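# An overview of the molecular structure
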Amino acid sequence: MSIYILGIESSCDDTSAAVLKDRRILSNVIANQDIHKSYGGVVPELASRAHQQNIIPVVEVALQKAKIQKNQLSAVAFTRGPGLLGSLLVGTSFAKAFALGLDIPIIEVNHLKAHILAHFVETENDKGHPAFPFLCLTVSGGHTQIVRVDSPSEMEILGKTIDDAAGEAFDKAAKIMGLPYPGGPEIDRLAQVGNPKAFSFPEPKIQGLNYSFSGLKTSFLYFLRDRLKEDEDFIEKNKADLSASIQDTIIRVLLSKLRRAARETGIGEVAIAGGVSANSGLRQQLTAMAQKEGWRVFIPDFQFTTDNAAMIAIAGYFKYLDKDFASQDIAPYAKGGFR
Ligand code: KG4
Ligand code: ZN
């Protein structure tokens, strides 16, 4: 018998609901919250209010698109954390009430593990999924990790950022240049017509497989402050080259540690996940590195890069197979990496 999982994601500023039939995607609906744009970042209180408005219609559309009735659902999977507590509470409370009404189990999902497991969602033009064990570079707005994945439930963090995340580095560099939020996609777009060798910024020197991005942000800020003294239009004139150069530096830092992790572990199955994995430069350079190093590389479809509920549903599916259900008194968590 098929397993139908409803996934709910509400950890940050996207309200999303998805339905899977076993590993196959039937729907994946995402409501973005434009309200944060005018503030230059996510405002937590506004995010939770928007989730409250969005969640019921988003779930209804996800069920309609999947062409299933809610009484066909086997379980409801929801993001328990990490994320914004108020936002997580909306998804968690909804999942509990919805499942209670249908008398089906609830499944708690860790957002970071879900980003990785998104590779196992089956789509129409499926390109297959990584074999265990594999390495995954998770790069999002809040996290940067190199993870060794031995099974859907066994994951080990080999390296992570000690300060800013890669997505934060993109967003902060964009903010310094006066680009709109979120800055990552803007830098990506401008970088495509810029010269990545136009400017050079110092790469952080961090031991082992860990990362650091806060120094890069500071040197970018000081560099621009000095240039603006000489020419107040410096940013405007060099936007594309600045974007290409900062993006290239971030990618070089990300990939050099990933290569080191692959060489140290001897693992040649390599994946990327998270919002920054949408970056076209990262996707190209990873593909080139994979060819050189002899890796089999897995790059997610764009719909699975930024926050989405299909990844929550697939993580829920694997837990469903293990009968790993949560109780109705479960509460969300804001902080902490893996749990
Ligand atoms: O995974 P995600 O949607 O949310 C978190 O869990 O944090 O990631 C959002 C991050 C933001 O920092 C955004 O600027 C970045 O992903 N991002 C990109 C691109 N698309 C999204 N960064 C660089 N290039 C992109 N194309
Ligand atoms: Zn995310």
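All of these numbers come straight from a predicted model, not from anything done at the bench.

Right, let's get into the packing of aromatic side chains. For the structure on display, the rule yields 13 aromatic pairs. Here tyrosine 211 and phenylalanine 213 contribute two aromatic rings whose centre-to-centre distance is 5.9 Å and whose plane-to-plane angle is 20°, an arrangement assigned as stacked. Of the two residues, tyrosine 211 and phenylalanine 213, neither departs from the other in class, the shared state being buried. Across the ring face of phenylalanine 302, the terminal group of arginine 283 is positioned such that the distance to the ring centre comes to 4.1 Å. Just above the ring of tyrosine 333 sits the side chain of arginine 339; from NZ or CZ to the centre is 3.8 Å.

Near ligand 1 lie 19 residues; those nearest to it are Gly141, Asp171, Asp188, Gly275 and Asn279. Within the backbone of glycine 142, one N or O atom sits 3.3 Å away from an oxygen atom of ligand 1. Within the side chain of aspartate 171, an N or O atom sits 2.6 Å from an oxygen atom of ligand 1. Isolated, ligand 1 exposes 560 Å² of accessible area, and the fraction of that covered by the protein chains is 88%. Of all the elements in the fold, those that place two or more residues in the shell around ligand 1 are helix H3 (111-117), helix H4 (166-176) and helix H5 (183-191). By residue class, the composition of the shell around ligand 1 is five nonpolar, eleven polar and three charged.

So, about the environment of leucine 26. The residue leucine 26 is located in strand E3 (residues 24-32) in this model. Note: C-alpha distance between leucine 26 and alanine 66 (40 residues apart in sequence) is 4.7 Å. Discounting residues that sit within four places of it in the chain, leucine 26 has contacts with Tyr4, Val19, Leu20, Lys21, Lys65, Ala66 and Ile68.

Rules of the game
Residues numbered from 1 in each chain as written. Chains lettered and ligands numbered in written order. Predicted model: local features only at pLDDT ≥ 70, side-chain atom pairs only at ≥ 80, totals over all residues. Heavy atoms only, no water. Phe/Tyr/Trp six-rings, centres within 6.5 Å; stacked < 30°, edge-to-face > 60°. Buried < 20%, exposed > 50% of the residue type's maximum accessible area, 1.4 Å probe, protein only. Lys NZ or Arg CZ within 6 Å of the ring centre and 35° of its normal. Near = heavy atom within 4 Å. Polar contact = N/O pair within 3.5 Å; in protein donor to acceptor, adjacent residues only side chain to side chain. Areas by Shrake-Rupley, 256 points an atom, 1.4 Å probe, with all protein chains shown as cover. Helix = DSSP H or I, 4+ residues; strand = E, 2+ residues; numbered from the N terminus. Nonpolar A, V, L, I, M, F, W, Y, C, P; charged D, E, K, R; others polar. Contact = heavy atoms within 4.5 Å.

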